[in-house]
There are 2 protein chains.
Amino acid sequence: MVAGPLPTPSGPGKDRLRLWIRLLRASRTIEAELRERLKKEFNTTLPRFDVMAALYRAPEGMLMSDLSRFLLVSNGNVTGIVDRLVSEGLVARARRNGDRRTSMVRLTEEGVRSFAMIAAAHEGWVGELLGNVSEDEARRLTGMLTSFRSNWEGRE
Amino acid sequence: MVAGPLPTPSGPGKDRLRLWIRLLRASRTIEAELRERLKKEFNTTLPRFDVMAALYRAPEGMLMSDLSRFLLVSNGNVTGIVDRLVSEGLVARARRNGDRRTSMVRLTEEGVRSFAMIAAAHEGWVGELLGNVSEDEARRLTGMLTSFRSNWEGRE
DNA sequence: ATATAAAACTTTAAGCTTGAAATAATTTGC
DNA sequence: GCAAATTATTTCAAGCTTAAAGTTTTATAT
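How each quantity is defined
Residues numbered from 1 in each chain as written. Chains lettered and ligands numbered in written order. Predicted model: local features only at pLDDT ≥ 70, side-chain atom pairs only at ≥ 80, totals over all residues. Heavy atoms only, no water. Near = heavy atom within 4 Å. Polar contact = N/O pair within 3.5 Å; in protein donor to acceptor, adjacent residues only side chain to side chain. Helix = DSSP H or I, 4+ residues; strand = E, 2+ residues; numbered from the N terminus. Phe/Tyr/Trp six-rings, centres within 6.5 Å; stacked < 30°, edge-to-face > 60°. Buried < 20%, exposed > 50% of the residue type's maximum accessible area, 1.4 Å probe, protein only. Axes fitted to C-alpha atoms, helices over the stretch in contact; angles between N-to-C directions. Left-handed = near helix turned anticlockwise from the far one by under 90°. Contact = heavy atoms within 4.5 Å. Nonpolar A, V, L, I, M, F, W, Y, C, P; charged D, E, K, R; others polar.

**Student:** Any chance you could break down the protein's contact with DNA strand D for me, citing the residues and the numbers?
**Tutor:** For DNA strand D, the set of nearby residues contains 24 residues, the closest of which are Ser65, Arg93 and Arg101 of chain A together with Ser74 and Arg84 of chain B. Met64 of chain A is positioned such that a nitrogen or oxygen atom in its backbone is 3.5 Å from a phosphate oxygen of DNA strand D. Taking Arg48 of chain B, its side chain carries an N or O atom lying 3.0 Å from a phosphate oxygen of DNA strand D. For the surface near DNA strand D, the secondary structure elements donating two or more residues are α3 (64–71) and α4 (75–87) of chain A together with α2 (46–56) and α4 (75–87) of chain B. Looking at the surface near DNA strand D element by element, the count peaks at 4 residues for α4 of chain B.

**Student:** Kindly report on the packing of aromatic side chains, identifying the contributing residues and their values.
**Tutor:** Residue and element names in this part refer to chain A. Across all of its chains, the model carries 6 aromatic pairs over all chains by this definition. With centroids separated by 6.1 Å and ring planes inclined at 50°, the aromatic side chains of Phe42 and Trp125 adopt a geometry described as tilted. With a gap of 83 residues between them, Phe42 in helix α1 (residues 14–42) and Trp125 in helix α5 (residues 109–129) connect regions that are remote in the sequence. Overall, the relative accessible area of 25% leaves Phe42 in the partly exposed class.

**Student:** Tell me what's going on with the packing of α1 of chain A against helix α1 (residues 14–42) of chain B, and back it up with residues and numbers.
**Tutor:** Where α1 of chain A contacts α1 of chain B, the two axes come as close as 10 Å, and the packing angle between them is 115°. Considering only the axes of α1 of chain A and α1 of chain B, their crossing is left-handed. Taking contact as the criterion, the partners of Trp20, Leu23, Leu24, Ser27, Arg28, Ile30, Glu31 and Leu34 of chain A in α1 of chain A are, on α1 of chain B, Trp20, Leu23, Leu24, Ser27, Arg28, Ile30, Glu31 and Leu34 of chain B. Classifying every residue of the contact of α1 of chain A with α1 of chain B gives 10 nonpolar, 2 polar and 4 charged.

Set out below in structure tokens:
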């Protein structure tokens, strides 16, 4: 849904539709640029970066279900991404004694080192790509987005 | 990149990073909900909807390359989606006399009817999902997003 | 004219994504 | 204790996505 159904929609509710289209186009444009740079500079992907970022925040590890809930993606999806990260030695699964259904997933030492480097570049890129948003404006926008995010928290 | 590298980043440039994370989470949350409803209510997908929306705006048709540029996705991607829409009778390709490399892609009559129905529901959903954003706030947010979109237009 | 380059698409391989079905382990209700 | 339900995860099929390589057609430069 990058496009609106009509060139310039108007009428009740059209302002929200237009907002949604802009929001989506903005995030897709930035996302595409970040994905390209991750590939070119670090030979990695956005989903891998997402998973590693989540794990970096949780040194003690996360359950697969926590990961998928946090990343807003399906369970099966995370399985595949983690599989690949494990095969590259960036992530490790550890079976737990308590509950043998679950496995704690965490970054390896190499994973931590690797992510730290990528994250630093990533932050710089975002700063660059959003360079024409002033810090003040960024805070205000963030506030507005947060306010309507709260309507969604815990939904299902 | 739904997650930040640290729970609460702070320092120079962190406001833009936080904005980006919020932007991405907001659009992914809404996107996921719309995708689910498109599937449940109309047995279709977001990419199909995107393509049809673009074609609905252009009754005379669009070139494949125009479509992919407009939708911000790769050429090969559009080929597959259009293939499926053609096989379902919603879209038609028409070879042009002038340049035999290109084909004009357009909605069929059934495609137009189908899209009109889906688009009406879609607009309602967006209105609902962004219900707690006032119309005025929506216009202001749209303006802010547009201003930094302009930095990207025509980039490559 | 004719090679060369450019343009418009399609194809391909690898990976991402979902929803649904399948497995396995744990918890709950009798 | 044991069947039934629940929970955590993986597997699967279908479709989406990209970048790169391949095809066909058109434009350009000798």
